[in-house]
Amino acid sequence: MTNTADAQKQTKRRTKTAADSDSGSLAGRVKEQAAQTVQQAQEQFDAGLQYSSGELQRLATEGRSFVKKNPGLAIAGALGAGVLLGLAMRNRY
């Protein structure tokens, strides 16, 4: 009877070790997948930041060029925008 009890204990230990190994492997795979996902998100964020930066620089260059070519129109546009903004904010504060 002692041999049977010992055999059962050994079987339980092996099963527990195998289960621990599987869960450890699963945890490792989940960790690895999470790290890959974070890295991909970082790469996409960096690409978006570079694109946005380039677009802002292009827009600023075009704006400067427009103001140099049409200074009167630029001043009139700024004045009009200021008046509209002032009217919109007048009743709020």
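Residues numbered from 1 in each chain as written. Predicted model: local features only at pLDDT ≥ 70, side-chain atom pairs only at ≥ 80, totals over all residues. Heavy atoms only, no water.

What to know about the overall build of the protein chain
A tally of helices and strands in the protein chain yields two helices and zero strands. The buried share of the protein chain, reckoned over its 93 residues, is 0%. Here the protein chain displays about 8,500 Å² of accessible surface, and carbon together with sulfur accounts for 60% of that area. (Helix = DSSP H or I, 4+ residues; strand = E, 2+ residues; numbered from the N terminus. Buried < 20%, exposed > 50% of the residue type's maximum accessible area, 1.4 Å probe, protein only. Areas by Shrake-Rupley, 256 points an atom, 1.4 Å probe, with all protein chains shown as cover.)

Some details on the pattern of salt bridges
Side chains bearing opposite charge may pair, as long as their charged atoms lie close to each other. Tallying each qualifying case throughout the model produces two salt bridges. For Arg58, the salt bridge identified is with Glu62, shortest N-O distance 2.7 Å. Placement of both Arg58 and Glu62 in helix α1 (residues 2–69) is noted, with a separation of four residues, approximately one turn of the helix. The exposure class assigned to Glu62 is partly exposed, which follows from its relative accessible area of 44%. (Salt bridge = Lys/Arg side-chain N within 4 Å of Asp/Glu carboxyl O.)

Details of a nonpolar patch on the surface
There is a patch of nonpolar side chains on the surface, built from Leu79, Val83, Leu84 and Leu87 and spanning about 400 Å² of accessible area. If you trace the backbone, Leu79 turns up in helix α2 (residues 71–90). A relative accessible area of 59% means that Leu79 is categorised as exposed. (Patch = residues over 30% accessible without salt bridge, like charges linked within 9 Å, V, L, I, M, F, W, Y side chains within 5 Å.)

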